[in-house]
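The lines below spell out each chain.
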Amino acid sequence: MSGLPQANGQRYHFDIYAILEGSQELYFGHEVMINVNMVETVRLVLPNGEGIEKCYLSPTKRRGIERRCLLWAPCSNGKMLGEKLNCHIPKTCTKPECPVCAVYGGLITGRQTLIGRLTHGGGVAIQQLLPEEKQRAMHPSAILNDDPSTNSPTPFKRQYNEPGLLYPIYNHCLSVTEDEFQAVAYAFLDSLARIGSGNPKGASLYEMDNTPLLVVDKYLVPHGARPVISPGETSVERALQIFQDKARRVNGGTGNGEYITISNGNFERWIGWSAYQRLQAWADAFVNRVLKAND
Ligand SMILES: [Zn+2]
């Protein structure tokens, strides 16, 4: 048994495919070596046997940022959503009726588990550009200490992902209702400006010809090519072309270049701005139904 109550209405699968661009340097904490704060990288081997290393926006970090966006979302009663629901990090409430735990899952150690139905993927940068190490004047943790030595700043080194790196990313929802998916749409959009640890933060949807590289699928049966980029791809030009080709490759589908449907609505795909507007409509519905709810 999943432990989930019967849904109030039809369940669907939902997918979000996007290419994000780091708007500036980004730091994603990985390991702290002596006085050097490392970012996370991944190593992979290309088909020709060459081993390479790339920067990485890890799916688990995005998941954490999205959950925090929901728990810190502003409610009309002056509380944040996590306070209103008594759902926190790491103390999740694990209730199936919690709009956050219902999709992100929850865990009360040794007592209760609620299976998450949202998974995150991708995140391997396209460009093969290693982190840059920079010197900073004072480590942020020193500011918290009541230590007289903090009057003389301790220099430290921190690695950063270079600005302009592109990260193909994917969010997948398994058997959720449209109401439940509203939280995912809200969290996805709201988290963009908050990606990264420390400061600065923020990534944006990468635009090509003024159109965001974004695809949203809602379906009962998967159709079409999934706009996923191989982690071994190092050419931005090729990666963008592959994303756009796959986004439009839905055999037997009808619709225009921005919306494709197949088999009587068993599969629907929104592309570019229409995908963005669809996500915004779901996010708005989340605000009205959950954040502005009178209770
Ligand atoms: Zn919860």
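Everything here concerns the structure above.
What counts and what doesn't
Residues numbered from 1 in each chain as written. Predicted model: local features only at pLDDT ≥ 70, side-chain atom pairs only at ≥ 80, totals over all residues. Axes fitted to C-alpha atoms, helices over the stretch in contact; angles between N-to-C directions. Helix = DSSP H or I, 4+ residues; strand = E, 2+ residues; numbered from the N terminus. Parallel < 35°, antiparallel > 145°, perpendicular 65-115°, else oblique. Left-handed = near helix turned anticlockwise from the far one by under 90°. Contact = placed C-beta atoms within 7 Å. Nonpolar A, V, L, I, M, F, W, Y, C, P; charged D, E, K, R; others polar. Buried ≥ 20, exposed ≤ 12 C-beta atoms within 10 Å, placed from the backbone. Pairing = 2+ DSSP bridges.

Comments concerning the packing of helix H5 (residues 178-191) against helix H7 (residues 273-291)
Helix-helix packing is described using two parameters, namely the angle between the two axes and the distance between the axes. Two elements in contact, H5 and H7, have axes separated by 7 Å at closest approach and are oriented at 110°. By the angle class used here, H5 and H7 are roughly perpendicular. Crossing hand, H5 versus H7: left-handed. Contacts between H5 and H7 pair Phe-181, Gln-182, Ala-183, Ala-185, Tyr-186, Phe-188 and Leu-189 from the former with Leu-279, Gln-280, Trp-282, Ala-283, Ala-285, Phe-286 and Arg-289 from the latter. The residue makeup of the contact of H5 with H7, split by class, is 11 nonpolar, 2 polar and 1 charged.

Observations concerning the packing of helix H1 (residues 59-71) against H5
It is at 8 Å that the axes of H1 and H5 come closest, and there the two elements cross at 105°. When the interaxial angle is binned, H1 and H5 end up roughly perpendicular. Across the interface between the two elements, Arg-62, Ile-65, Glu-66, Cys-69 and Leu-70 of H1 pack against Ala-183, Tyr-186, Ala-187, Phe-188, Asp-190 and Ser-191 of H5. Among the residues forming the contact of H1 with H5, the class breakdown is 7 nonpolar, 1 polar and 3 charged.

Examining the environment of Tyr-104
By the secondary structure assignment, Tyr-104 is in helix H3 (residues 101-104). Taking the C-alpha atoms as reference, Tyr-104 lies 38 Å from Ala-137; in sequence the two are 33 residues apart. When neighbours within four sequence positions are excluded, Tyr-104 is seen to be in contact with Arg-67, Gly-116 and Leu-118.

Some words on the pairing of strand S3 (residues 36-39)
Taking every second residue as pointing to the same face, the buried face of S3 carries Asn-37 and Val-39, while none of Val-36 and Met-38 on the other face is buried. In this sheet, strand S10 (residues 156-160) lies alongside S3 in parallel orientation, the contact comprising 2 bridges. Its bridge partner lying in S10, Val-36 is registered against Lys-157.

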